[in-house]
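# Structure assessment
Residues per chain are reported as follows:
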Amino acid sequence: MLTSATPATLSAAMTGRVVAPGDPDWDAARQAFNVLVDQRPTAIAFPTDERDVATAVHWARERGLRVAPQATAHNAGPLGALDDTIIVHVSGLQDVTIDAAAQRVRVGAGVKWERITPQLSELGLAGLHGSSPDVGIAGYSLGGGMGWLARKHGLQTNSVTAIELVTAEGDLVRADANHEPDLFWALRGGGGNFGVVTAIEFAVYPMAELYAGAMFFPFARASEVLHAWRELLPTLPDELMTWACLFQFPDIPDVPAVVRGGAYTVVMAAHIGDEADGRELLRPVRELGPEMDTFAMVPPIALGDLAMDPPDPLPFVSAHHLLDDVPAAGIDELVAAAGPGSGSPLTMVQLRHMGGALARTAPGAGARATLPGSVSLFSLGVVVDEPSTRAAEASLAAVQDGLRPYRVGDYPNFVEEPADASGFFDAATWARLRDVKALYDHRDLFKGNHHVPPAA
Ligand SMILES: Cc1cc2nc3c(=O)[nH]c(=O)nc-3n(C[C@H](O)[C@H](O)[C@H](O)COP(=O)(O)OP(=O)(O)OC[C@H]3O[C@@H](n4cnc5c(N)ncnc54)[C@H](O)[C@@H]3O)c2cc1C
């Protein structure tokens, strides 16, 4: 039962359902992936097609409400307060078309990577998904999208070939290189600030197998492993992307049984190439003698499990920076803050090697053409109560402080709290994003993640 007459009028106008405060499934509908995020919008609309999306957008605009597009709530934190806002939750838009010959995919905006990665893999194709295939393709792509193949193929957003969306006027628009080119540019990096995306098309890449896996070392060996990993980076081709992580896995069912409750220093990699070359490139790390080594030739679907991301919602705090070349002293700072003997409770401290195609602007790229820096730092602590939250936050701050001298920016997809989005872009890109926002949404109807205000 809708308790508010206002959302009931939307419910009557839509095919899909509308959930409002007081409804039995209100708490389930508003739950975010990070269960600490307490989303309290005016209502949540679940459209079944683009007409429903347009109805919800019209309805909100006419009542002076804002619209926050959402697909999975994997990054709900940056939205902040949702007063006078409806969430348009696109999880019902689930169409999938894979054109293997053209190496093109079209998906509804509610589709997660996990829906298409098995089929792509069977076809000998790979998309540019990130560490978790549980993430929504649209939200991931609109923010950038840095996955295992990023050093070779760049950010997912620049493999996007067309986006369909409902604009602030309630029109269904197709944006691509030839139609609404400014909007197409802004969407690819500017996030959900320009409309509710209903469908997205993108290129995928031929890939039968690749050499990928993880080497697990004892947590106690963090310093020598991370130093060896750092020294390896300048020697690596774009075909190889490697991440180094400190893990202190909680003893919960979400964690693979073989590592559950354990603490490790882990070097992971994906190499677009054969085993012999991959082994040779990673030799300096392997010579340290991992206690477990899962590297093998695998189909692309294996990339979805490599990072061991949690599949289910959980409570956590996180922090992130993009770093320029990290000197040996930076590794020492990291180990002092989160390594053995530090007392850090952090579940994960992750370093991703960047560069390669992430540093090159491809022809026709969108607003998020590149990412600065050569290493991405992302740290996360699973928390259970107030004291564990305080301890995790203190440890996050110690890691961030230790590595701040090397900071060159932040990557919006990895920033999980409200932030001034101007800091994510250079001045010219930011000004152009605001101009496009003014052109398509001068009333600032759409509350995107992260917020781009219209130019005055
Ligand atoms: C476990 C985990 C692993 C991750 N791994 C990676 C990774 O490897 N690489 C990486 O780059 N990122 C990664 N991310 C970050 C992820 O890309 C962002 O959280 C992204 O915003 C998630 O998109 P979503 O649609 O799933 O989430 P949502 O919270 O539903 O959406 C996030 C934002 O995207 C926009 N959006 C979503 N759908 C629409 C739509 N239909 N129309 C308009 N705007 C829309 C909105 O602004 C929305 O606020 C990861 C996140 C998690 C939780």
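Below is a short write-up of the structure. Going along each chain's sequence as written, the residues are numbered from 1 onward. Given that the model is predicted, a residue must reach a pLDDT of at least 70 before its local features are reported, and side-chain atom pairs must reach 80 or more before they are shown or counted; all residues, however, enter totals for whole chains, interfaces and linings. To get the side-chain values, take all heavy atoms of the structure and skip hydrogens and water.

### Topic: the overall build of the protein
Only DSSP runs of H or I reaching four residues or more are called helices, and only runs of E reaching two or more are called strands; each is numbered from the N terminus. Across its full length, the protein carries 13 helices and 20 strands. Classification of the 456 residues of the protein by burial places 57% in the buried group. Any two residues having at least one pair of non-hydrogen atoms within 4.5 Å are treated as being in contact. Pairs at least 24 apart in sequence give 73% of the contacts found in the protein among residues at least 6 apart. Method for areas: the Shrake-Rupley scheme with a 1.4 Å probe, in which residue coverage is limited to the protein chains shown. Per element, the accessible surface of the protein, about 17300 Å² overall, is 52% carbon and sulfur. Summary of the burial criterion: residues with accessible area below 20% of their type's maximum are buried, those above 50% are exposed, and those between are partly exposed, where the area comes from a 1.4 Å probe applied to protein chains only.

### Side note on the site of the ligand
The full set close to the ligand counts 33 residues, and Ala-71, Thr-72, Ser-131, Gly-136 and Tyr-411 are the nearest of them. Definition of a polar contact: a pair of N or O atoms within 3.5 Å, with one able to donate and the other able to accept a hydrogen when the atoms are protein atoms, and with sequence-neighbouring residues admitted only if both atoms are side-chain atoms. Between the ligand and Ala-73, the relevant distance is 2.9 Å, taken from an oxygen atom to a main-chain nitrogen or oxygen of the residue. Contact distances for the ligand include 2.5 Å between an oxygen atom and a side-chain N or O atom of Tyr-411. A total of 940 Å² of accessible area belongs to the ligand in isolation, and the protein chains cover 96% of it. Every element with two or more residues in the shell around the ligand is listed here: β3 (66-70), α5 (137-143) and β10 (196-203). Per element, the largest residue contribution to the shell around the ligand is three residues, and it comes from α5. Along the lines of polarity and charge, the residues of the shell around the ligand split into 16 nonpolar, 15 polar and two charged. Any residue with a heavy atom positioned within 4 Å of a molecule or strand is treated as near that molecule or strand. All amino acids are sorted into three groups, where Ala, Val, Leu, Ile, Met, Phe, Trp, Tyr, Cys and Pro are nonpolar, Asp, Glu, Lys and Arg are charged, and the leftover types, Gly among them, are polar.

### Remarks on the sheet that holds strand β1 (residues 17-19)
We treat two strands as partners when DSSP finds at least two bridges between them. Read across the sheet, four strands follow the order β1-β2-β4-β3 without closing on themselves; strand pairing throughout is mixed. Among the strands making up the open sheet, the edge pair consists of β1 and β3. Sheet twist, expressed as the average angle between the axes of neighbouring strands with direction ignored, equals 25 degrees. Two strands pair when backbone bridges link them, and strand β2 (residues 43-46) and strand β4 (residues 85-89) are joined in this way by three bridges, in the parallel orientation. The partner of Ala-45 across the bridge, within β4, is Val-88. Lines fitted to C-alpha atoms define the axes here, with helix axes fitted over just the stretch in contact, and angles between the N-to-C directions of these axes take values from 0 to 180 degrees. Its contacts with the sheet place helix α3 (residues 50-62) against β2, β3 and β4, and it is angled at close to 175 degrees to β4.

### Examining the pattern of salt bridges
When the charged atoms of two side chains lie near each other, side chains of opposite charge can form a pair. Each reported salt bridge corresponds to a side-chain nitrogen of Lys or Arg within 4 Å of a carboxyl oxygen of Asp or Glu. Throughout the structure, instances matching the rule amount to 27 salt bridges. Across the pair Asp-444 and Arg-66 runs a salt bridge whose closest N-O atoms are separated by 3.2 Å. With a gap of 378 residues between them, Asp-444 in the segment after α13 (427-440) and Arg-66 in strand β3 connect regions that are remote in the sequence. Given a relative accessible area of 13%, Asp-444 falls into the buried group. For Arg-283, the salt bridge is made with Glu-287, and the minimal N-O distance between the two is 3.2 Å. Taken together, the shared-partner salt bridges in this structure form one network comprising Arg-106, Glu-164, Arg-174, Asp-176 and Glu-201.

### Regarding the packing of helix α7 (residues 181-190) against α13
Orientation of α7 relative to α13, taken along the N-to-C sense of each, is 120 degrees, at an axis distance of 10 Å. As far as their axial angle goes, α13 and α7 are oblique. Note on packing geometry: the crossing formed by α7 with α13 is left-handed. Touching Asp-182, Leu-183, Trp-185, Ala-186 and Gly-190 of α7 are Thr-429, Arg-432, Leu-433, Val-436 and Tyr-440, all from α13. Here the residues of the contact of α7 with α13 sort into six nonpolar, two polar and two charged. Geometric relationships in this document are graded by angle, where less than 35 degrees denotes roughly parallel, more than 145 denotes roughly antiparallel, 65 to 115 denotes roughly perpendicular, and other angles denote oblique. Rotating anticlockwise by less than a right angle from the far helix to the near helix defines a left-handed crossing, while the corresponding clockwise rotation defines a right-handed one.

### Focus on the environment of Leu-142
Note on placement: Leu-142 falls in helix α5. Along the backbone, Leu-142 and Glu-114 are 28 residues apart, and their C-alpha atoms lie at a distance of 18 Å. Apart from the residues within four sequence positions on either side, Leu-142 is in contact with Ile-163, Leu-187, Arg-188, Gly-189, Gly-190, Gly-191, Gly-192 and Val-197.

### Digging into the sheet that holds β10
By definition, the strands of a sheet pair up through backbone hydrogen bonds, in either a parallel or an antiparallel sense. The strand order across the open sheet formed by five strands is β5-β6-β10-β8-β9, and the pairing between neighbours is antiparallel. Looking at strand neighbours, the two that pair on one side only are β5 (96-99) and β9 (172-176), the edges of this open sheet. The sheet shows a mean angle of 10 degrees between the axes of neighbouring strands, direction not considered. For strand β8 (residues 160-166) and β9, the ladder comprises five bridges, and the chain directions are antiparallel. When the bridges of β9 are listed, Glu-164 appears paired with Arg-174. In the packing of α7 onto the sheet, the strands contacted are β8, β9 and β10, and the crossing angle to β8 comes to about 100 degrees.

### Regarding the packing of aromatic side chains
Ring pairs are drawn from Phe, Tyr and Trp, using the six-membered ring of Trp, whenever the two centres fall within 6.5 Å, and their geometry is named by plane angle: stacked under 30 degrees, edge-to-face over 60, tilted for the rest. Under the criterion given, the structure shown has 11 aromatic pairs. Relative to Trp-243, the ring of Trp-148 has its centre 3.6 Å away and its plane inclined at 10 degrees; by these criteria the two rings are stacked. Pair noted here: Trp-148 is in the loop between α5 and α6 (150-153) and Trp-243 is in strand β13 (residues 240-248), with a separation of 95 residues, a long-range link. Here Trp-243 falls in the buried class, since its relative accessible area comes to 0%. With a centroid separation of 5.2 Å and 35 degrees between ring planes, the pair formed by Tyr-211 and Phe-295 is classed as tilted.

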